[in-house]
Amino acid sequence: MIKNLIISCIMFLTLSTELLGQAKATDKPNQPTKGVFEGLKNSGAKDAPVTITSNTLQVDDKTRQFVYAGNVKMIRDILKIDADKMIGTYDQSNQLTELLCLGNVVIIRGEDMRATSQHAVYDPKKATVVLTQNPEVVNKQNALAAAKITLYVNEDRSEAEGEVRVKIINHQELNDSQKASSKVKH
């Protein structure tokens, strides 16, 4: 059982390190974001601990699969992933090959990026997260919704397919309206 727990923790360490990506030393906070998935870049804490909680954990060495179920929460640094269930597969060298998140999936990075769906698949070889079943990504108050959204973890880009809807908020207009509303006395 301890061996299985260690293997599943290694899988999540691998996952979270890959999802967080490598932040450039020159990255500056509060700069305009080029892509919807920009938010998953690391804050710089490469050795941040991973905390995983769930109601149950099952690991099967024969099928090389682990399943966290019931109120699953994974936290590492500024990255949080919640889901009803997370199913991961790993290869002979204990490297994560796929992570499937099912039900009420929420991926949050800091205060700027939040992605939601009912189904998400992370492919570490392609460095992608594919969101389906009502996916939406909100980044710095700009929203993207579609039938399918592919987020490229190591790149500043995303792709949306099928019934694409985008809501762009002009940050200057937003700031001006916030200033004006704060001057109104209640």
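Residues numbered from 1 in each chain as written. Predicted model: local features only at pLDDT ≥ 70, side-chain atom pairs only at ≥ 80, totals over all residues. Heavy atoms only, no water.

Colleague: Got a minute to help me understand the overall build of the protein chain in this structure?
Modeller: Scanning the protein chain for helices and strands turns up two helices and 12 strands. Seen in sequence order, the protein chain has helices and strands lined up from the N terminus as α-β-β-β-β-β-β-β-β-β-β-β-β-α. A burial count over the protein chain gives 37% of its 186 residues as buried. Counting contacts in the protein chain only where the partners sit at least 6 residues apart, residues at least 24 apart contribute 42% of the total. A total of about 10,800 Å² of accessible surface is found on the protein chain, and carbon and sulfur atoms cover 51% of it. (Helix = DSSP H or I, 4+ residues; strand = E, 2+ residues; numbered from the N terminus. Buried < 20%, exposed > 50% of the residue type's maximum accessible area, 1.4 Å probe, protein only. Contact = heavy atoms within 4.5 Å. Areas by Shrake-Rupley, 256 points an atom, 1.4 Å probe, with all protein chains shown as cover.)

Colleague: How do you make sense of the pairing of strand S2 (residues 56–60) when you look at a structure like this?
Modeller: On a regular strand, each side chain points to the face opposite its neighbour's, so the side chains alternate between the two faces of the sheet. Alignment of S2 against strand S3 (residues 65–76), held across five bridges, turns out to be antiparallel. Of the residues in S3, the one forming a bridge with Asp60 is Gln65. The turn joining S2 and S3, which pair antiparallel and follow one another in sequence, is formed by four residues; a positive phi near 55° is taken by Arg64. (Pairing = 2+ DSSP bridges.)

Colleague: I keep staring at the packing of aromatic side chains and nothing clicks. Help me out?
Modeller: The description of an aromatic ring pair uses the distance of the two centres, along with the angle that the planes make with each other. Enumeration according to the criterion identifies two aromatic pairs in this entry. Considering the side-chain rings of Phe66 and Tyr68, the 6.0 Å spacing of their centres and the 80° angle between planes classify their relative orientation as edge-to-face. Using a relative accessible area of 1% as the deciding quantity, one classes Phe66 as buried. Taking 6.3 Å as the distance between ring centres and 25° as the angle between the ring planes, the aromatic pair formed by Phe66 and Tyr90 counts as stacked. With Phe66 in strand S3 and Tyr90 in strand S4 (residues 79–90), this pair connects stretches of sequence that are 24 residues apart. (Phe/Tyr/Trp six-rings, centres within 6.5 Å; stacked < 30°, edge-to-face > 60°.)

Colleague: Can you help me understand the nonpolar core in this one?
Modeller: If you look at soluble globular proteins, the nonpolar side chains tend to sit buried side by side. With 28 residues, the main nonpolar core has Met86, Cys101, Ile107, Val129 and Leu131 as its most contacted residues. Those elements giving two or more residues to this core turn out to be S3, S4, strand S5 (96–109), strand S6 (113–123), strand S7 (128–132) and strand S10 (148–152). What Leu131 contacts, discounting residues up to four positions off in sequence, is Ile107, Ala115, Ser117, His119, Ala120, Val137, Ala147, Lys148, Ile149 and Leu151. (Core = buried A, V, L, I, M, F, W, Y, C linked by side-chain atoms within 4.5 Å.)

Colleague: What exactly am I supposed to notice about the pattern of salt bridges here?
Modeller: As a working rule, side chains carrying opposite charge can pair if their charged atoms are close by. Counting across every chain of the model gives three salt bridges. For Lys73, the salt bridge goes to Asp82, with nearest N and O atoms at 3.5 Å. Between Glu161 and Lys148 there is a salt bridge, with its nearest N and O atoms 3.9 Å apart. Placement of the pair is Glu161 in strand S11 (residues 157–161) and Lys148 in strand S10, with a sequence separation of 13 residues. With a relative accessible area of 40%, Glu161 lands in the partly exposed category. (Salt bridge = Lys/Arg side-chain N within 4 Å of Asp/Glu carboxyl O.)

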